[in-house]
Structures are given as C-alpha cells and as structure tokens.
Amino acid sequence: MGYRYEIRLSGSGGQGLILIGIILAEAMGLYEGLHVVQTQSYGPEARGGASKSEVVVSDEEIDYPKPQKVDLLLAMNQASCDLYFPDLKEGGTLLVDSTFVNQIPSLRAVRIPLTKLAREHLGRGMVANIVALGAISELTELVNITSLESALVGRVPKGTEEINKRALYLGKSEAEKALKEMQGKEIVDYTLEETAV
Amino acid sequence: MGAERRELLMQGNEAVAEGALAAGCRFFAGYPITPSTEIAEYLSVKLPHLGGTFIQMEDELASMGAVIGASLAGVKAMTATSGPGFSLMQENIGFACEAEVPCVVVNVMRGGPSTGLPTFPAQGDVMQARWGTHGDHPIIVLSAASVPECFSLTVRAFNLSERYRTPIILLLDEVVAHMREKITMPPAEELEIFNRVTPTVPPEWYIPYADTPSGVPPMAPFGEGYRYHVTGLTHDIRGFPTARDDEIGPFIKRLFRKISQNFPDIHMSQTFRTEDAEITVIAYGCVARSAKRAVVEARDRGLKAGLLKLMTVWPFDRSAVEQAARRSKVVLVPEMNMGQISREVKRVNNGVSTVETLNKVDGTLITPGEILEKITEVLS
C-alpha cells in the first residue's frame, strides 16, 4: 500500500494559489517522479472571492483527485483558515500568512508573514505565493527546493525569474527559522483535540 | 527525457487541444466560456503555426455553423463550449447529423440550468448530449475521466467522426477539464488517425449521399470540383430535398445503421474488479475516479465491489451494462445530476438486478466516502 499526501493551498482569488499549485505539481510530478493530480476551485470573480488549489501526491496512481484529509494546509487569509482548518489531518501541517491571518486555530501552526516579507524584502507583495512555495519545500520532504526552482522558472512570466527565485529561497529560510523557534517549545495543542469533537 | 516521448504536466483542456492537433484538426471556431476556455486559448496560439485557422465567433450558433462549413471544405474542425453555449449549438448539431458532416464538439459540463455555476462541476448535460437537437437521430457521445483520456478520447472523437460522418460530442466536467496530471505524449507515428473516405470517381459520377455497405457515403471536399447540394432538409442521394417516402425512410434508417452496425467499434468501457462483484458501480467522468477509490476501500473492508467505467456514453453500451447487471446483485449509479444515466441502466437492467442511485447536485464532486457509505448500506 502506497502513501498519499494531500496539500491544499487556500486564500482569495488573485493571490496566485493556482499558479503555485501548478508549480508544486510539476516539481513533484516531473522532477521528483511522483504521481500527482492538481485541481482547483474558485468563484466566478477574477479577484477576491475564495480560491483554492489542491495537489495530491502519491507513489502510486491517483484515483480520487481531491484531498480527503489534508496533510498540509496553506491559508493566505483568515476566511480560508477558518473554513479549511477542520479538514486538516491530525498531526497535519498548517502554514499561515500571518500578515492576514490573526486568529490562528492551532498552536502548532507555522506562522510566516508571507506578504509582509515579500513587500519588505522584494518590494512586491504579489510574490507572497512564491515565498509560501519556498516555505512548503521546508515543511515536506516530498519536494526539493531545486525541483521547485526548475518548475518555477518555466511557469512564471519572462523577466520575473530572478525575483521569483529570491522569493522562493526567502520562503525556505523563513520556514527554517520558524521551525527552529518552534523546536524545543513543548507545544500542547488543545485546539486540535477540541475541534476533533 | 527524449524529444519523442515527452512527459508533461498538463491540464485536461490542454490535453483536448493537443489531442485535436494530433488528430489533424486544423480549424477551431468558438466563443469562450468557463470551464472550456483553455481549449480555445491553447488552439488560438497553436493553430496558426500549423497553417490552421482559429476564429472567435460572435456566438455559439455561428461557431457551430463555421465548424460545419470548414468540415465541408475538407478540414477537420471542432468547437468547445459549456452548458449555455451547448444549448445554442443544438440546432446546427442537428444540421451536421442530417447533412452528415464530421465534427467534434467538446462540452465541459458545469452546474446548470442556465448560467448556473460557471466554475463548478456537474454532469447535467448527459441527456442533452443525446437528445439536445430535435428529430430522431443517432449520436456518439464520449466521456473522459483523466488528462491522458482527454487526449486519447479527443483523437478517438475525430476518428469516429471521420469514419461515420457524424458529429461527436466529447463530455468533460469542470474537474477533469481543469485538473492537471502527468501525461506522456505518444509520438505521432504511434497514433492511429482515420481520415474521411473521399470519392474515387470523377466529379460527374459522384453521388454525395449514396448508400454503401458501411452506410457511410464517401465525402468530397468543396473546392476540388465536386459540386453537390447540402441541406438540412431531408434529401435524396444527390442531396436535394425529397418528399418521397421511399427515399425518406431509407435515408433516416441509413443514418442509424451506420452507427448501430458498428457498436463494437464505438463502445468503450473499462472494468475494475468486477469478476466476483456483488455490487457494480457504474460511473463516468470525474465520478468514475471517486468510484474507483470507493471500490478499493470497499474491497479493503471485505465488500465485493467492482466498477464499470463508461467512456462511450451514447449509444448506450447495453452489452457492458447487461453483463454487470447479470453478474451483480446490485448496480449502483452515482452521478452529479438527478439521475440521467441511471434511467438508462434501469431500462437495460430490466429487473435483472437492483439498481441504486446516488445523486449529488451541490457543485462538488461526489466523494469516495459517499459512494462507500452507499455500498455498505446496500450490501448489509
């Protein structure tokens, strides 16, 4: 029996969640050689509204293409965090953009101010999604940063490769930092138990 | 990774476009509509480089008209749309049936009726694909459940349309159309491509709607000296309107015969663990994937479940469904509509086994859990 790892990237329309879903799926599928399916769900609006992109990864053929219980949840706004947190697997990873998500439902959440970092370090808030992608490479062993970099270069607009690569590595180092801070602290997660009822 | 056999991450809609190009499609006319737009987008970039034509028309009525015109001129042609646009195409789809014009219409199903749910999946157009245009007519409708199938069934759709001189409907749903998966593109020489049979006789001997053993008359492209009349009116073998009952009856019967005598070529389905299944799930499109997972999980629990996946939806695959009904105690039909294929299954089943349905119309994909729950409930 093979494994199945499910990732949900959520936020609002225009934050680039579908793009990072595609990059992630390409990195895992073509560069790491895994089976992948990427799906999406969004409203009819071009910007705003709820948006999510999902990637299912497995070492065997994937039948049902959507997540059943999410292993890794990225929430880039409060609404998506509130809506999708209950779908997170027990022991699953929650990554939040703490620029927008203030009420965090789990003490074990990895908090990174993705948009703030993108604005301050790269001068472009819109690459926050790529910062998230870099962080994800640190949070799961299933994808390597170099695979992501290769996939990224082919999928972002010409002329933006450099800033996107910098965003990717910024995300990775920020996640390293965040994980180090969390280590050592005995985190008892009451919220997960409560929501399990 | 060689240049010959490329592995790519591709979207369902893109795979449809690639399949069309591989099949030799060189004309697309359409009007963009979610969730089918990527097919048009992709072909608008690719077709001009291949000497083909891409036209964004004023609406879907005109799109279908342009596709028919292109095909009559000898070019493989297609359009792609979703529910509201599919409704507008119905009249000219009937024209293509009557005038026997090969073409491919991709309908990416979204929630309906009317404008409905542009970005959410549904399977509400199954009966419309069969009976959307008026008049008694046969039609071939295929359904894809994965990105590789989007490619292969588009190629197949073109081959069938060319072979039987008939419009082919390819049904996708929002999930399959927007899903990205890995696909290995087959080298061109490995693909079986069928091109319409053209007349071997000189123009003055050509009889455009002559009966043949296959029921399919050779088709002359306009512009090469073959002049004939094309009409939506019921016509004689020369293409002119007729009121003679001894011409009308044989013509309509030939339209049906060219399809019905080739069911083995047209019907495509797959089975999974049906050998000893006490319950067979019959599904198509994205729901077939949920059903497969449900069957795997049911087997893990010791429940004898199997799956029959339909890839040809119309003409209805009677023999495959009869076999499933005879072998199992129960047949379960999960669908993202209020019961369209399940009606056909009940008709074909004719009381042999019990037919259960599972209908979901809330804009979300039926989950494996929901199917598994039904399997458990039915078998206990």
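Parameters at a glance
Residues numbered from 1 in each chain as written. Chains lettered and ligands numbered in written order. Predicted model: local features only at pLDDT ≥ 70, side-chain atom pairs only at ≥ 80, totals over all residues. Pairing = 2+ DSSP bridges. Helix = DSSP H or I, 4+ residues; strand = E, 2+ residues; numbered from the N terminus. Right-handed = clockwise from strand over helix to strand, strands pointing away. pLDDT = per-residue confidence, 0-100. Core = buried A, V, L, I, M, F, W, Y, C linked by C-beta atoms within 7 Å. Buried ≥ 20, exposed ≤ 12 C-beta atoms within 10 Å, placed from the backbone. Domains from an automatic or database assignment. Contact = placed C-beta atoms within 7 Å. Nonpolar A, V, L, I, M, F, W, Y, C, P; charged D, E, K, R; others polar.

Draft legend 1. Molecular detail of the pairing of strand β15 (residues 354-359) of chain B. Residues and elements named next belong to chain B. Of the strand pairs in this sheet, strand β14 (residues 330-335) and β15 are connected by 6 bridges, and their pairing is parallel. Paired with E335 across the strands is N359, a residue of β15. Considered for its hand, the β-α-β crossover made up of β14, helix α12 (residues 341-349) and β15 is right-handed.

Draft legend 2. Main features of the confidence of the model for chain B. Of the residues in chain B, 99% reach a pLDDT of 70 or more, and the chain-wide mean stands at 97. Reported for the predicted complex are a pTM of 0.95 and an ipTM of 0.91.

Draft legend 3. How the structure looks around the nonpolar core. Judged by nonpolar contacts, the single largest core of 164 residues is most densely connected at A:L24, A:V131, A:A132, B:L142, B:L170 and B:V281. Considering each element in turn, this core owes the most residues, 9 residues, to helix α6 (residues 147-164) of chain B. Per-domain counts for this core show at least three residues from each of domain 1 (6-190) and domain 2 (270-379) of chain B. Those residues in contact with A:V131, other than ones at most four positions away along the chain, are A:L114, A:L117, A:A118, A:A167, A:L170 and A:G171.

Draft legend 4. Focus on the domain arrangement of chain B. All names here are of chain B. Domain annotation for chain B reports domain 1 (6-190) and domain 2 (270-379). Contact residues are listed per partner, giving 23 residues for domain 1 and 20 residues for domain 2. Mapped onto the side of domain 1 that touches domain 2, the elements with two or more residues apiece are β6 (117-121), α5 (126-131), β7 (140-143), β8 (167-173) and α7 (174-178). Of the residues that constitute the side of domain 1 that touches domain 2, the class distribution is 17 nonpolar, 4 polar and 2 charged.

Draft legend 5. Region of interest: the confidence of the model for chain A. Residues and elements named next belong to chain A. Averaged over chain A, the pLDDT score is 91; the fraction of residues at 70 or greater is 92%. Taken element by element, the predicted model of chain A shows its lowest mean pLDDT in helix α7 (residues 190-196) (48) and its highest in strand β4 (residues 70-75) (98). Here residues 191-197 scores under 50 on pLDDT; set against residues more than four positions off or in separate chains, the count is 6 contacts.

Draft legend 6. Seen up close, the interface of chain A and chain B. If you look at the interface, chain A gives 17 residues, while chain B gives 16 residues. When residues of the side of chain A that touches chain B are traced back to their parent elements, those giving at least two are α1 (17-31) and β2 (35-42) of chain A. Considering each element in turn, the side of chain A that touches chain B owes the most residues, 6 residues, to β2(A). Across the side of chain A that touches chain B, the residue classes break down as 9 nonpolar, 5 polar and 3 charged. In this sheet, strand β9 (residues 180-185) of chain B lies alongside β2(A) in antiparallel orientation, the contact comprising 2 bridges. Each bridged residue has a counterpart across the sheet, and for A:V37 the counterpart in β9(B) is B:E181.

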